[in-house]
Amino acid sequence: MSTRATLPYWLYVNRVFWLLRVPQLFSTCVAFSLVADMGIWRGDIGNWFMSCWCICFIVTLFIVIIELNDLQPRFPFYWYNFPVTFACYAALICLSASIIYSIAYVQFLPDGPEWDRAVAATAFSCIASVLYAIEMAGVWNFYKLKEIPCYVHTVPGLLNVPETFVAGVIFAFLSNTSLYLHQPALVWCVAVYTICFISEAVTILLNLGEWENRLPIPFPIFQLVLTVFSVLLYISALVLWLLYQFYEELGGLPQRSSDVSCIDDLMCAWDQRLAVAVLTAINLLIYVAELGYWARRSL
């Protein structure tokens, strides 16, 4: 078993850098540069995904700098858990950006230079998602051959990644505060998303830092209690969000046509409400799957 300070062979790192890291940097840089060059045609959706591509570029550049300067042993955890975890998130981010940006925005742009830039940005985002997915799969196989433990290659890790990612997408839609500030029950839903996201982030950090054994109770019991708590919170959030957003007697809008903001085909407030409801249901199902895993482990 490799220790925390053990590094993969330099030849492997060098190949990853030239075959994956450089194209990742190039793809994400081109994607956010093209959207940034659209000016007033960017829109809120363009601004959001431009930020996502920029973050992927910055973190990838940080990883490259660390690896090229052999600074991995200075970190208080096994370094290569970090790049593969980031690759999982980056693949999901770029894939979702490609899909949502093209469906909710690009297809409604008029023909012209702006449309061409948006299509090109979407294409480079797709390329970036494929590159990050290849890195994730390649590192997975490398770790398996070398018998190196990696948290995101476990069942809880594979569930924690989509849980936090879906929560992040929910927060993107909730950036429109008019969706919930008018109703305390909806504010509670936002609090639920925040609490569960923070708890999952703490869990991931505990595992990446190999600190799970420092807890006063066994880690499976801790995870079981935390997951039960998250499932109950998400059930309450799903019920309240559906009632207060789509039930007319509670001030909701049951149909898209009843929302005056939906005057065109672009994503409006009603679409954002529906997206949050669907994402909440998806995350609840993932939490239920995790609950089943930890219940089985603890019994």
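So, how was this worked out
Residues numbered from 1 in each chain as written. Predicted model: local features only at pLDDT ≥ 70, side-chain atom pairs only at ≥ 80, totals over all residues. Heavy atoms only, no water. UniProt positions renumbered as here; feature names shortened; annotations may be inferred. Helix = DSSP H or I, 4+ residues; strand = E, 2+ residues; numbered from the N terminus. Polar contact = N/O pair within 3.5 Å; in protein donor to acceptor, adjacent residues only side chain to side chain. Core = buried A, V, L, I, M, F, W, Y, C linked by side-chain atoms within 4.5 Å. Buried < 20%, exposed > 50% of the residue type's maximum accessible area, 1.4 Å probe, protein only. Disulfide = S-S within 2.5 Å. Patch = residues over 30% accessible without salt bridge, like charges linked within 9 Å, V, L, I, M, F, W, Y side chains within 5 Å. Areas by Shrake-Rupley, 256 points an atom, 1.4 Å probe, with all protein chains shown as cover. Salt bridge = Lys/Arg side-chain N within 4 Å of Asp/Glu carboxyl O. Axes fitted to C-alpha atoms, helices over the stretch in contact; angles between N-to-C directions. Parallel < 35°, antiparallel > 145°, perpendicular 65-115°, else oblique. Left-handed = near helix turned anticlockwise from the far one by under 90°. Contact = heavy atoms within 4.5 Å.

(A) Main features of the UniProt feature "transmembrane region" (unreviewed entry) in the chain. UniProt records the feature "transmembrane region" (unreviewed entry) for residues 12–36, 48–66, 78–106, 118–143, 150–173, 185–209, 221–244 and 274–295 in the present numbering. For residues 48–66, the helix share is 100%, the strand share is 0%, and the end-to-end C-alpha distance is 27 Å. Annotated as residues 221–244, this span is 100% helix and 0% strand, and its ends, taken at the C-alpha atoms, are 35 Å apart.

(B) Focus on the environment of arginine 273. Relative to the elements of secondary structure, arginine 273 occurs in helix H8 (residues 269–298). The spatial distance from the C-alpha of arginine 273 to the C-alpha of glutamine 245 is 6.9 Å, given a sequence separation of 28 residues. Reaching out from arginine 273, the side chain makes a polar contact with the side chain of glutamine 245 at a distance of 2.8 Å.

(C) The arrangement of the nonpolar core in detail. The biggest cluster of nonpolar side chains holds 37 residues, and the ones touching the most others in it are Ile170, Leu174, Tyr180, Tyr193, Tyr234, Trp241 and Val276. The set of elements that each furnish at least two residues to this core consists of helix H3 (81–104), helix H5 (155–173), helix H6 (184–208), helix H7 (219–246) and H8. Listed in part, the 27 residues of the second largest apolar core include Ala31, Ile66, Tyr80 and Cys94.

(D) Looking closely at the state of the cysteines. Scanning the entire structure with this criterion turns up zero disulfides. Note on cysteine 126: no disulfide assigned, nearest cysteine sulfur contributed by cysteine 94 at a separation of 9.2 Å. Given the relative accessible area of 34%, cysteine 126 is considered partly exposed.

(E) Inspection of a nonpolar patch on the surface at higher detail. A cluster of nonpolar side chains, contributed by Val228, Leu232, Ile235, Val239, Leu243, Tyr247 and Leu250, occupies part of the molecular surface with about 560 Å² of accessible area. Structurally, leucine 243 can be placed in helix H7. Taking relative accessible area as the criterion, leucine 243 reaches 34% and is therefore assigned partly exposed.

(F) Layout of the packing of H3 against H5. Look at H3 against H5: their axes get within 10 Å of each other, and the N-to-C directions meet at 40°. When the axes of H3 and H5 are compared, the pair comes out oblique. Seen along the crossing, H3 lies across H5 with a hand that is right-handed. Across from Cys88, Tyr89, Leu92, Ile93 and Ser96 in H3, the residues of H5 making contact are Asn160, Val161, Thr164 and Phe165.

(G) Highlighting the side chain of serine 27. Mapped onto the fold, serine 27 is located in helix H1 (residues 10–36). In this structure serine 27 comes out as buried when scored by relative accessible area, which is 4%. Residues contacting serine 27, with those up to four places away along its chain left out, are Phe124, Ile127, Ala128 and Leu131.

(H) View of the environment of proline 113. Among the secondary structure elements, proline 113 is positioned in helix H4 (residues 113–146). Remark: the alpha-carbon pair of proline 113 and methionine 38, spanning 75 residues in sequence, is separated by 8.5 Å.

(I) Quick look at the packing of H5 against H6. Contact pair H5 / H6: the axes reach a minimum separation of 10 Å and the direction vectors enclose 145°. In terms of crossing hand, the pair formed by H5 and H6 is left-handed. Residues Asn160, Glu163, Thr164, Ala167, Ile170 and Phe171 of H5 pack against Tyr193, Thr194, Phe197, Glu200, Ala201, Thr203 and Ile204 of H6.

(J) Spotlight on the side chain of glutamate 163. Structurally, the position occupied by glutamate 163 is in helix H5. With residues up to four places along the chain from it excluded, the contact list for glutamate 163 reads Glu200, Asn283, Ile286, Tyr287 and Glu290.

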